[in-house]
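# Survey of secondary and tertiary structure
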Protein chains: 4
Amino acid sequence: MSLDINKILSANGIAAVIRQDGPLKVFTPVSGEQIASLNVASAAEVEQAVITSQAAFAAWRKVPAPRRGELVRLLGEELRAGKDALGQLVSLESGKILQEGLGEVQEMIDICDFAVGLSRQLYGLNIASERPHHRMMESWHPMGPCLVVTAFNFPVAVWAWNAALALVCGDSVIWKPSEKTPLTALAVQAIFERVCTRFGAAPAGLNQVLIGGRECGEQLVADARIPLISATGSTRMGRAIAGVAAQRFARTILELGGNNAGIVCPSADLDLVVRAVAFAAMGTAGQRCTTLRRLIVHASVYDQVIAALKNVYQQVRIGSPLSKDSMIGPLIDKAAFDAMHSALEAAVKDGGKVSGGERVTDAGAHAYYVRPALVEMPAQTDIVRHETFAPILYLLKYETLEQAIALNNGVPQGLSSSIFTGNMREAELFVSALGSDCGIANVNIGPSGAEIGGAFGGEKETGGGRESGSDAWKGYMRRATNTINYGSDLPLAQGIEFSV
Amino acid sequence: MSLDINKILSANGIAAVIRQDGPLKVFTPVSGEQIASLNVASAAEVEQAVITSQAAFAAWRKVPAPRRGELVRLLGEELRAGKDALGQLVSLESGKILQEGLGEVQEMIDICDFAVGLSRQLYGLNIASERPHHRMMESWHPMGPCLVVTAFNFPVAVWAWNAALALVCGDSVIWKPSEKTPLTALAVQAIFERVCTRFGAAPAGLNQVLIGGRECGEQLVADARIPLISATGSTRMGRAIAGVAAQRFARTILELGGNNAGIVCPSADLDLVVRAVAFAAMGTAGQRCTTLRRLIVHASVYDQVIAALKNVYQQVRIGSPLSKDSMIGPLIDKAAFDAMHSALEAAVKDGGKVSGGERVTDAGAHAYYVRPALVEMPAQTDIVRHETFAPILYLLKYETLEQAIALNNGVPQGLSSSIFTGNMREAELFVSALGSDCGIANVNIGPSGAEIGGAFGGEKETGGGRESGSDAWKGYMRRATNTINYGSDLPLAQGIEFSV
Amino acid sequence: MSLDINKILSANGIAAVIRQDGPLKVFTPVSGEQIASLNVASAAEVEQAVITSQAAFAAWRKVPAPRRGELVRLLGEELRAGKDALGQLVSLESGKILQEGLGEVQEMIDICDFAVGLSRQLYGLNIASERPHHRMMESWHPMGPCLVVTAFNFPVAVWAWNAALALVCGDSVIWKPSEKTPLTALAVQAIFERVCTRFGAAPAGLNQVLIGGRECGEQLVADARIPLISATGSTRMGRAIAGVAAQRFARTILELGGNNAGIVCPSADLDLVVRAVAFAAMGTAGQRCTTLRRLIVHASVYDQVIAALKNVYQQVRIGSPLSKDSMIGPLIDKAAFDAMHSALEAAVKDGGKVSGGERVTDAGAHAYYVRPALVEMPAQTDIVRHETFAPILYLLKYETLEQAIALNNGVPQGLSSSIFTGNMREAELFVSALGSDCGIANVNIGPSGAEIGGAFGGEKETGGGRESGSDAWKGYMRRATNTINYGSDLPLAQGIEFSV
Amino acid sequence: MSLDINKILSANGIAAVIRQDGPLKVFTPVSGEQIASLNVASAAEVEQAVITSQAAFAAWRKVPAPRRGELVRLLGEELRAGKDALGQLVSLESGKILQEGLGEVQEMIDICDFAVGLSRQLYGLNIASERPHHRMMESWHPMGPCLVVTAFNFPVAVWAWNAALALVCGDSVIWKPSEKTPLTALAVQAIFERVCTRFGAAPAGLNQVLIGGRECGEQLVADARIPLISATGSTRMGRAIAGVAAQRFARTILELGGNNAGIVCPSADLDLVVRAVAFAAMGTAGQRCTTLRRLIVHASVYDQVIAALKNVYQQVRIGSPLSKDSMIGPLIDKAAFDAMHSALEAAVKDGGKVSGGERVTDAGAHAYYVRPALVEMPAQTDIVRHETFAPILYLLKYETLEQAIALNNGVPQGLSSSIFTGNMREAELFVSALGSDCGIANVNIGPSGAEIGGAFGGEKETGGGRESGSDAWKGYMRRATNTINYGSDLPLAQGIEFSV
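Being a predicted model, the structure only gives us computed values, none of them experimental. (Residues numbered from 1 in each chain as written. Chains lettered and ligands numbered in written order. Predicted model: local features only at pLDDT ≥ 70, side-chain atom pairs only at ≥ 80, totals over all residues. Heavy atoms only, no water.)

### Concerning the interface of chain B and chain C
What counts here: A contact between two residues is defined here by any heavy atoms of the two lying within 4.5 Å. Put simply, buried area is the surface a 1.4 Å probe can reach on two separate parts but cannot reach once they are joined, added for both. Just to be clear on terms, a salt bridge is a Lys or Arg side-chain nitrogen sitting within 4 Å of an Asp or Glu carboxyl oxygen.
Facing 27 residues of chain B, the contacting portion of chain C comprises 27 residues. Summing the contributions of chain B and of chain C, the shared interface buries around 2300 Å²; its carbon and sulfur component is 51%. If you sort the residues of chain B by the area they bury against chain C, Arg120(B), Glu428(B) and Tyr486(B) come out on top, with a joint share of 29%. Where chain B packs against chain C, one counts six salt bridges.

### Considering the confidence of the model for chain A
Rules: The pLDDT value expresses, per residue, how confident the predictor is, ranging between 0 and 100.
Here chain A averages 95 in pLDDT, and 99% of its residues register 70 or above. Here the complex is predicted with pTM 0.96, and the ipTM for its interfaces comes to 0.96.

### Quick word on the UniProt feature "active site" (unreviewed entry) in chain A
Residues and elements named next belong to chain A. Operational definition: UniProt positions are given in the numbering used here, feature names are shortened, and annotations may be inferred rather than shown by experiment. Secondary structure is summarised from DSSP: a helix means a run of H or I of at least four residues, a strand means a run of E of at least two, and numbering begins at the N terminus for each. Each residue is assigned to one of three classes by its accessible area relative to the maximum for its type, calculated with a 1.4 Å probe on protein chains only: buried under 20%, partly exposed between the two thresholds, exposed over 50%.
With numbering aligned to this structure, UniProt lists the feature "active site" (unreviewed entry) at Glu 255. Of note, Glu 255 is situated in strand β9 (residues 251-255). A residue is classified by how much of its surface remains accessible, and Glu 255, at 2% relative accessible area, is buried. For Glu 255, the contacting residues outside a window of four places in its chain are Ala 231, Thr 232, Gly 233, Phe 456, Gly 457, Gly 458, Thr 462, Gly 465, Arg 466 and Glu 467.

### Comments concerning the pattern of salt bridges
Tallying each qualifying case throughout the model produces 117 salt bridges over all chains. Note that Arg288(A) and Glu100(A) form a salt bridge whose closest N and O atoms lie 3.4 Å from each other. Placement of Arg288(A) in the loop between α10 (270-282) and β11 (292-298) and of Glu100(A) in helix α5 (residues 98-118) is noted, with a sequence separation of 188 residues between them. Neither Arg288(A) nor Glu100(A) differs from the other in exposure class; each is buried. Glu358(B) is the partner of Arg371(B) in a salt bridge, and the nearest nitrogen-oxygen pair spans 4.0 Å. On the criterion of sequence distance, the pair formed by Arg371(B) in the loop between β14 (369-370) and β15 (373-376) and Glu358(B) in the loop between β12 (353-355) and β13 (359-360) is long-range, its members being 13 residues apart. Taken together, the salt bridges that share partners define one network made up of Glu70(A), Arg73(A), Glu77(A), Glu78(A), Arg194(A), Arg198(A), Arg80(D) and Asp113(D).

### Let's talk about the relation of the copies chain D and chain C
The second copy of the chain is related to the first by a rotation about an axis and a shift along the axis. Here is the rule we go by: Here the copies were fitted onto each other by least squares, based on C-alpha atoms from residues at pLDDT of at least 70 in both.
Between the two copies, chain D and chain C, the superposition gives an RMSD of 0.0 Å; the rotation angle is 180 degrees and the shift along the axis is 0.0 Å. Considering both components of the superposition, the chain copies are consistent with a two-fold axis. No C-alpha of chain D lies nearer the rotation axis than that of Gly243(D), which sits 2.6 Å from it. Same-surface contact between copies: 100% of interface residues of chain D are shared with the interface of chain C.

### Quick word on the interface of chain D and chain C
Put simply, the rule reads: Pairing of N or O atoms within 3.5 Å defines a polar contact, subject to two protein rules: one partner must be a possible hydrogen donor and the other a possible acceptor, and residues neighboring in sequence count only if both atoms are side-chain atoms. Each residue gets one of three labels, nonpolar for Ala, Val, Leu, Ile, Met, Phe, Trp, Tyr, Cys and Pro, charged for Asp, Glu, Lys and Arg, and polar for the others, Gly among them.
Each partner contributes to the interface: chain D provides 94 residues, whereas chain C provides 94 residues. Of the roughly 7500 Å² buried where chain D meets chain C, counting both sides, 57% is carbon and sulfur surface. When residues of chain D are sorted by the area they lose upon contact with chain C, Phe249(D), Glu451(D) and Phe498(D) head the list and together hold 12% of the total. At the junction of chain D with chain C, the criterion picks out eight salt bridges. Between Lys474(C) and Asp471(D) there is a salt bridge, with its nearest N and O atoms 2.6 Å apart. Where chain D touches chain C, the interface holds 46 residue pairs in polar contact (both at pLDDT 80 or more). Sort the elements by how many residues they give to the side of chain D that touches chain C and strand β23 (residues 477-485) of chain D lands first, with eight residues. In the side of chain D that touches chain C, the residues fall into 37 nonpolar, 31 polar and 26 charged.

### Some details on the pairing of strand β3 (residues 124-127) of chain D
Filter applied, for reference: Between any two strands, at least two bridges found by DSSP are needed for them to pair.
Going residue by residue along β3(D), you find Gly124(D) and Asn126(D) tucked away on one face and Leu125(D) and Ile127(D) tucked away on the opposite face as well. Note: strand β3 (residues 124-127) of chain B against β3(D), three bridges, orientation antiparallel. Each residue of the ladder has a partner; that of Leu125(B), found in β3(D), is Leu125(D). Inspection of the sheet shows β3(D) paired to strand β4 (residues 134-142) of chain D by two bridges, in the antiparallel sense. Within β4(D), the residue paired with Ile127(D) across the bridge is Met136(D). Here β3(D) hands over to β4(D) after six residues, with His133(D) in that stretch at a positive phi of 60 degrees.

### As for the relation of the copies chain B and chain C
For the pair chain B and chain C, the relating rotation is 180 degrees, the translation along its axis is 0.0 Å, and the fit reaches an RMSD of 0.0 Å. With an isologous cut-off of 70% or more, the 100% of interface residues of chain B that recur at the interface of chain C puts this contact in the isologous class.

What follows is the structure in structure tokens.
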């Protein structure tokens, strides 16, 4: 395996730059072996990065947005060229199967294309003014250095979602990747620097990667020179960031925990349900924030659905994510495995009936492959309401759609959700104000696998941030409302008289 | 005077309902006399209000938005009918002159008209999907109970900005007015209840007023059942709210301190400048969040501008806000007066040259009328960078526009700002990404007196919230991204293959 | 009956102003009797009206849009006050039942409310420019005098749709109502003048009514000073207007013929279908442009649907529209009756089986009441593809949804359409790019009865115009794209170099 | 020269495919020599092209818009790769200098990038419905085959503006280029076919070029299967198209004549004015639709501006557009030269004082190079109000800005316009409702050289169409308003009751 690793690092242009003597050990979940030991940024280096980022911002905001878009277009070009290599590295470092590694890079490419289009838009409004000889308008301006904190499970796409928009919007970027996946970040940074060279006029430090742990993150989050923090990760982490940022009136874009449900109605296309659930619940070994974690099935089709799922769960191919045959790769690490097993134990205590969930040990002692678990639950107990980042699908039974929606909404998280139905009244109710309370509510597809054209994010403990499409770009800019008086009178709004 | 107070209370329909034996003493700044002593909401009453608001929300969100708009239209009608009476009460309780009291009610009316139009919009987007037989859309849904915290200086308009939008968006409202101005809140609530009666189908408790102090506010801010807090007030208060809200992932719309500057360029129309500055700096006795607090004048016109302003400042008529003659009413209370004088002392220490600022004592010992102060400063010292909520205008001199913009931006607050110039290059630079860093940036009008069609709010310590026009309504709703699959295939985004 | 007519005319404030000695005879379809004989505008009067409208435009465009909105708000108020009276006049003159007469006035009120909201929007865009020190924006400006041509079947609502937007947008209006319904136009003009008096600052002739026939219309359509023509009526009329207007590059908003179908799927809620079809096909005696004219029923439910409809068609109450009992009023005149009977004859020739369609003669020789007709057709023959403005519903059978959609689209008109289904795949397909080709495509409601929040209009021979909601207001304004250079360099777009 | 031509044809991949024995003679204005003689499409070939286009449309509209965007992205890539070659061919065939030939290709590239972004937007609206259990939305769907008629002066960019949007919007395209510039069209078609091969899944005939003259155009314009015609050219041609299209209710996007003015105010930066005027009036040898044709100069700076312009006009380098030295290439043909000289004669008759305008004969008898002409006019006479497609700049003097704006607006055309001023009041007035009546109104840049981010087009005889940025894409799609009832009740809009 070691040979493959070096080939992947080389293909990504980082073999030479990776230190092997730093304090941060990087492991591949594929085999559990160590693949690098990196330095971490010191407090002084973090400080310097912020200074650099401020200077980069001061220069970058002067570059017209469509020119900034050209840099992002080149980024898309280079990502296309490096897609296979980067996709492999994503698989190697995060453990997701190659199809998903490539899909993640495709998502980076898609958001670049989208951001290029935005670079000639970034529309403010001209607004009718109530006063003669006055014009009102709304302008959107660059914000400043933007801190992007990413998680191991989407080690590069989430950066791209944020950076493509932030760069087009005129912001500089400081990227703090997960300690578990620093190599993909370095590989992307290498691509980014190639892009800057081609572009020619990007300020130094426009995008910087800071490898480090909690202290590094805390230093950045507390820094008053960073007006914008986009963070993806656990609710616990998000809560900490939110508190600190709020004290200094920084803006946050938070993408935190999800506990995503699907509702299966009597009229659902069950063949489609099974395929959708399989990918949504087992894909990425259950380690997507949008992974399907709860399936709420109508009593009339419950047995049929369970049987079909059990069949699929038993057959799904588990193995090295770099192998074309595999559909399920490893968990990220032992802690993830332990958490999964604690959850299954708790579920059993609550009356749950588990099938699957056992470890698959072919890849050795330090790699944590598991067979995904189905857990039939008598009720939505505490463990079900808790997000366990592993391939556990809780199964619940319902009688009325109102019950099912109440179960869907009856958790602290609010990221994604689905309904499977052939009935238009059920479908519409689910996406109405009385339906799902999540930021994403789908019909006849699973809760995961969003397209970049829509706004991505969720409510409640998911944090409320929105990234990617729709008007998510506004999160990376500041808004100014301008009133221009081009007359010589000075009428006051609301008809007030005040003559001196 | 007492007689007038009763007439005003009666005209507002609250004479009968005001308790005179409660712990909360209400004074009029006009004379300093006490005009009511009200009960405050107990913890149990606050709890009950939240429960009621949740139930009101559950019913109100089912009412189609254009019907909700009809209620707001009726609110506009009733406010038109009660404009004179309510405008007088605003003057009486907050001390602003009658013209401004009426203007404040007009602003309530304007936002109602605007919100009625919105009630048939609340536009989400339909978005092109990358997958065959898929449709993507964005839906905006009601949020839940919305807490509105208002300040004494706009005791009713700020509620209306928030409530008109929140109600049209399907939210219920809990209003905690300033302890200094509870009577206007009660008067508005009386109007609101009249509206509900006419409307016929509003749930009980759709808008509730809770009179109380800090404990009441803290209880509400901490309540997990309130997903949205819109708060106007000091940066100190906003910081506290922001921290608590962030911990529980509630959304906040904060309108906090301003320290608003105007730049006077050599080409400015100086006659217009003087009129604009007079209203912006002295109006509402300097107690608007958008009050002009710093005037940055080009050296070539500095002497001329100062002389003209001194002339106006000496002549401006100070007196009872209920008198038609008055242009400047009282400060809200002794604390405001003390803060003003501390600030002037600090300014003198920093080398400032004060003219004006002296107390005007005609109205008796308990009313705090002052002559507005002009303070020529040698530099933008700490006291200048601090918001003092009183009619102090600091004067600074500049040589280059870049200097002037640096001064404009060199404060912690980011609410409003103005440039006065006849030069199109200067005007455009000021409203560009390199110009003012404030949420409001005006040309040839002062920083105050926004129209409701634009988004109102500011950056940095101002808190980042936006209210009123443009797409500020989105702040009162939750967004859902929906993907609808109406085919029988299940293509995955980003071209991923995952066949079970 | 004569007495009632005078009461209705008086209540509308036009009894006194109606001439009884002019060449234009006005009849009520209720009884067929003459109710007025009006003067028609001479060529010189038309010329004067255009001159007046130009002057009104020149003044009106200077009034800030939110102030223009205030006039429209007052129009809404006056329409509310006069709703009952005007609704009765609509019934009297057009023959629609009182419920629909009142509904028509309500639609006027709704569009006023909506337009008031628009008056603080009329949003142009600020657009990111590719050049440093450049700003791009899009401005929307008033167009000029707007000619509104309306038809008898919505004698006042269509004016309101156009006028409320046109007035808010800064245009003046010349209204040419149908020769068959001039009285309602005079009544609305009386209301409008009352509004102008209250408003105080409207220029003379802001909205003018010109009573006249084809010559009057032709003179106006050909007049180069009128940049915008909004015309509702027959395809024949629209074609003539379109040709003349195109030659002089005038803009047109055309709302012409419809031949609207509904598809009934096997999963449809048949009870709902019957109720929906009854209103859509028989309401307004089949004289809406959105009337349901073709019902395309799946073979499996065909017999059941036909039987249920026959039952309803036999029971529906036909009679004076001013009576509360009536559900179907008269046809507008003898020509309409003759056209209906020609169509039924043609349908029979093509193999159609007619039930209903017979004249109901209780109201005397000059009133044309008919029982609505159901016609089972073996195929979509020429007569089915032709719009007959009368209560004829052709019934067609289908086997596959593709067939049904092909039938729906297989006519020259493209206004409105519906599907009735409980199946989400069918519903979504129908509103997709592969579904209905009409401007309106509904699910589980009939093709008529649009809300004012959406854009109203259709494709193909319907003329392509859009009125009412969404961004239909842009049809009443001209767009300007502005690029502002505030630097001293002069970079060219697309990187062109050209140095002199 | 012949050798170069072959090299250019080869580099564009069309040397082999160009017939040299057809009836359509193609000349290069560079030398006047013939460079090809092409076949023209017969009536049967036109008919076949329409049939093919319909089939292509039927397939293409099923391809999801972001996938369609991918084809346009590849088009941008291929245009980047072929930019130099195609730019040369544009110069050769249209006579514009190489800088402008390259700029034209860049514009094609820019619109591709922009359209790719649009392909994930094409936003319709979700709209608040007044009825419970109802949802309203607006969908945008592909239209059908789109006819694009282009002119010689932008032989490829105008196609790209239209085709990039049309293709992303799901339409097929039939392109009828100018008879004077068919080779560039063939070259672009070769590129397009390369793109289709790379893309893999484009239907045959998605974009077709039809070489032909007036009959070919007339056949296409009259064809009822083509719902959309986008035509750029003379007002005469546009009027003919508009009339025919209107009769069959086809949609048109017309970009016709311009007669674009610039106003030079006393405060203008005269150095910038001279540079801007030089490019705007002389660039492309005065053969842009946005060419500056009238300069309206304030009396106080008139002499100074004229003197500076004369100086530039005498020095500007005229010669082969393929030479790097040249700034002005040839007129397109003898007819253009004759028209120019007729215009100058007419101007002299009207009292004009001409400088320049003489023929430059170095390139031989069949090439028509001219020195651009300045004509000082005593008034805006008929010849000034007429668009002559040649480098003539009429100079007019003004005293008040109102006069200048009246002159600007006092022509039948309404495409583009500029003001040069340092005064913000003048700048704002010019872009206000009371300013320029053109579709483009610029400040401190000339009337030509639009960026693709804005909507391009003009009012009055310019035809009213809009292409390129902002929401111009809506011109290539049809809009549907959908109301979805997902309840079992059937409430009618406007509160109408109709119970069967």
